[in-house]
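What follows is the residue order along each chain.
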Amino acid sequence: MATAPMRIGDLLISKGLLTPKKLQIALIQQRVTGAILGDTLISLGFVTAQEFAETIADQSGVEYVDLRDFSISEEALRLIPKETARKSGYIPLEVLNGVLSIGVTNPSNIMALDTVRQLTGTTPRVYLVDQDAYSDYIESAYYFVEHPVKQRLEKFFSQLKSGGAVQSSIVPELTDLLLMDGIRKKATDIHLTPSKDVLHVFYRIDGVLTYGHCLPHVFQASLASRIKIMAHLDIAESRLPQDGSYTLEFLNKRYDLRISTVPSIYGENIVIRVLSTSGSLMSVAMLGLNENLVAIMRSLFEKSHGIVLITGPTGSGKTTTLYSCLRDIDLLERNVITVEDPVEYRLNFVRQTEVNEKAGYTFASSARTFMRQDPDVMLLGEIRDTETGQMAVRASITGHLVLSTLHTNDAVTSIPRLLDLGMDKLLLSSSLLAVVAQRLARKICPNCKVAYTVSETEKATFRRAGLDVTTAYRGKGCERCGGSGYTGRTLIAEIMIIKSDIKDMIYTGASSSVIYQAALKGGMVPMMVDGLRKAAGGHTTVQEIQRVAG
Ligand SMILES: [Zn+2]
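Residues numbered from 1 in each chain as written. Predicted model: local features only at pLDDT ≥ 70, side-chain atom pairs only at ≥ 80, totals over all residues. Heavy atoms only, no water.

Chemist: What is the right way to read the coordination of the zinc ion from this model?
Modeler: For a metal bound by four donors in tetrahedral geometry, the ideal donor-metal-donor angle is 109.5 degrees, whereas six donors in octahedral geometry ideally sit at 90 or 180 degrees. Around the zinc ion, the protein contributes the donor atoms Cys-445 (SG), Cys-448 (SG), Cys-478 (SG) and Cys-481 (SG), at 2.3 to 2.4 Å from the metal centre. Coordination at the zinc ion comes from 4 donor atoms whose angles at the metal span 107 to 113°, giving a geometry best classed as tetrahedral. Counting along the primary sequence, the residues that act as donors to the zinc ion give the motif C-x2-C-x29-C-x2-C. Each member of the pair, Cys-478 as well as Cys-481, carries the same accessibility label: buried. (Donors = N, O, S within 2.8 Å, 3.2 Å for Na, K, Ca; no water. Tetrahedral: all angles 85-135°; square planar, octahedral: opposite > 155°, others 65-115°. Buried < 20%, exposed > 50% of the residue type's maximum accessible area, 1.4 Å probe, protein only.)

The following block contains the structure:
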């Protein structure tokens, strides 16, 4: 009885997801609360539900499926009533060649198999899903089967065609429908773009804009007003841009919506960014980086002082990586303080603070308070101006490890960017440890992945990265990936370590191209090469790497 959970603890340790000391603390807490080890480790923030489930999958031989990257088929959901699935602790996933697949949170769930056999007459194929994703998706999956968005939208349109005017009463429902459809599709941004005759709705999914709906133009003004009311914006003002936010509650989950309106010639263009408030903190090992880069990252976190920067454009996953860095720092031995704007993940054992300009708590003023809080590691949300840059340097030279992000396209251009921000060459060269540049690349859908013979152009692209490739992979497009051929995303990156030669170059004001050559000589693998290696390994496509890193 007592040995089984220990084995899982050891497995997590061997995968680099847990340390013996953290396991010890979880076991101590477990003795107090009586909760099971997995739940304790997850609630302490030592491992995520996803990491735990993947480890159980390794141990039990049941394949893990990440529901976050999976589109659950309606056909499967219609076979099993929601209450049956919930009571027996599983979720229908898809039907392939007449066989139903289900996801269970516990690999020894016999009851699930029995109920499926009773209802369908066949034995299902079983996958493992994590507890967090299961509770997130079971309600919404059935909700959208019971309330199909497309049919409800079509009903609105046919009412309009039959001569009905836009009734103000249907606008709130229509707004919610468009938002829910975005949430269902896991969109990060929802665009309402008016044109001459119609209103186009786009969703950004896995970093790519995809067409959602086409609405009669008559809805434009009323939808804009509805969204502006919800976000406490001035509805009388449509000639100037406005920004606002509100929280949408849907099936017991909260979504923070950031609204931006910009006047266009056909009415206001509205973009809604969707931030899901739950989110767990992955270990650097789980981000999808190659092993070599993970090892470099981990060695950086062991440094006692210096600055490590994560760079990339908007939507490249910088913040997620930044927080993952914290997971890999020994939070029990080192005092970590953060200054964020806003706090995006809540972490155990980290002293998190949020900038409040109105109250006078700014990045600059926080620096003074910080030093009195006996920190070892400081996480600064972003270096965005001279003040935050200087604060990072000051913290570093007084013996602290500083982690932050910067908005640049690649590792080497962060040097001129920091100097542009007015940072001192000597201080910068002596405090900067490394710059990580990264992008998120879409992964090929495993369900419709096919091999193909690469073209001469692609062969040449691979060759420039030192790879001899004749066969590569792509997704044909299937129901599971919505026809795109991709599901989920992985990280590609380059890490420039600031060794003594580069320190000298920063100090003497060398050009970016000279620094770049030195970084290559020092062992940096360019992001493009890292990406093409992933394409050669069949994780993503050449086109995708060229799109994000080209
Ligand atoms: Zn597919």
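Don't stop here, the text continues.
Chemist: For this particular structure, what's the right way to read the sheet that holds strand S15 (residues 432-444)?
Modeler: The sheet built from 7 strands is open, its strands ordered S12-S11-S13-S14-S10-S15-S18 with mixed pairing. Each having just a single partner strand, strand S12 (351-354) and strand S18 (486-497) make up the two edges of the open sheet. The sheet shows a mean angle of 20° between the axes of neighbouring strands, taken without regard to direction. By the bridge criterion, 4 bridges tie strand S11 (residues 336-340) to S12 in an arrangement that is parallel. Residue pairing in the sheet places Glu-340 in a bridge with Glu-354 of S12. Across the sheet, helix H12 (residues 291-301) is in contact with strand S10 (306-311), strand S14 (401-406), S15 and S18; its angle to S18 comes to roughly 55°. (Pairing = 2+ DSSP bridges. Helix = DSSP H or I, 4+ residues; strand = E, 2+ residues; numbered from the N terminus. Axes fitted to C-alpha atoms, helices over the stretch in contact; angles between N-to-C directions. Contact = heavy atoms within 4.5 Å.)

Chemist: Any chance you could explain the packing of helix H10 (residues 170-184) against helix H11 (residues 219-230) here in plain terms?
Modeler: Each pair of packed helices can be summarised by the angle the axes make with each other and by the distance between the axes. One can describe the packing of H10 onto H11 by two numbers: an axis separation of 10 Å at closest approach and a directional angle of 80°. By the criterion of interaxial angle, the relationship of H10 to H11 is roughly perpendicular. Residues Ile-170, Val-171, Pro-172, Leu-174, Thr-175 and Leu-178 of H10 form the contact with H11, whose participating residues are Phe-219, Ser-222, Leu-223, Arg-226 and Ile-227. Here the contact of H10 with H11 is built from residues that sort into 8 nonpolar, 2 polar and 1 charged. (Parallel < 35°, antiparallel > 145°, perpendicular 65-115°, else oblique. Nonpolar A, V, L, I, M, F, W, Y, C, P; charged D, E, K, R; others polar.)

Chemist: So what exactly am I meant to see when it comes to the nonpolar core here?
Modeler: Proteins that are soluble and globular tend to have nonpolar side chains buried together. Counting residues in each nonpolar core, the largest one holds 53 residues, and the members touching the most others are Leu-309, Leu-418, Leu-432, Phe-462, Met-496 and Ile-502. Residues Phe-46, Ile-91, Val-129 and Ala-141 belong to the second largest nonpolar core, which totals 45 residues. (Core = buried A, V, L, I, M, F, W, Y, C linked by side-chain atoms within 4.5 Å.)

Chemist: Can you help me understand the pairing of strand S2 (residues 99-104) in this one?
Modeler: A regular strand carries its side chains on alternate faces of the sheet. The element S2 is extensively covered by neighbouring structure, given that 5 of its 6 residues are classed as buried. Pairing of strand S1 (residues 90-96) with S2 involves 6 bridges; the strand directions are antiparallel. Counterpart to Val-95 in the pairing with S2 is Leu-100. Between the antiparallel neighbours S1 and S2 lie 2 residues, among them Asn-97 with a positive phi of about 50°.

Chemist: Any chance you could explain the domain arrangement of the chain here in plain terms?
Modeler: Interfaces are often sized by the amount of accessible area the parts lose when they come together. With domains assigned, the chain is organised as domain 1 (1-38), domain 2 (149-276) and domain 3 (284-549). Listed by partner, the interface residues are 5 residues for domain 1 and 7 residues for domain 3. Summing both sides of the interface, domain 1 and domain 3 together bury roughly 580 Å²; the carbon and sulfur share of this comes to 53%. The largest contributions to the domain 1 side of the interface with domain 3 come from Leu-17, Lys-21 and Lys-22, which together make up 72% of the buried area. The interface formed by domain 1 and domain 3 includes 1 salt bridge. Of the charged contacts, one joins Glu-333 and Lys-21 as a salt bridge, the two residues approaching to 2.9 Å between their closest N and O atoms. At the boundary of domain 1 and domain 3, one finds 4 residue pairs in polar contact (both at pLDDT 80 or more). (Domains from an automatic or database assignment. Buried area = accessible area lost by both parts, 1.4 Å probe. Salt bridge = Lys/Arg side-chain N within 4 Å of Asp/Glu carboxyl O. Polar contact = N/O pair within 3.5 Å; in protein donor to acceptor, adjacent residues only side chain to side chain.)

Chemist: Would you explain the sheet that holds strand S3 (residues 125-128) in this entry?
Modeler: Backbone-to-backbone hydrogen bonds pair the strands of a sheet. The strands run either parallel or antiparallel. Overall, mixed pairing links the 3 strands, which are arranged S1-S2-S3 in an open sheet. Each of the sheet's edge strands pairs with one partner strand only, and the pair in question is S1 and S3. Across the sheet, the mean angle from the axis of one strand to that of its neighbour is 25°, orientation sign disregarded. Helix-sheet contacts for helix H7 (residues 110-120) involve S1, S2 and S3, and the interaxial angle to S2 is about 155°.

Chemist: For this particular structure, what's the right way to read the environment of Thr-115?
Modeler: Tracing the chain through its elements places Thr-115 in helix H7. For Thr-115, a relative accessible area of 14% puts it in the buried group. Sequence separation between Thr-115 and Gly-422 is 307 residues; the distance between their C-alpha atoms is 66 Å. Among residues more than four places away in sequence, those in contact with Thr-115 are Thr-84, Ser-88 and Tyr-90.

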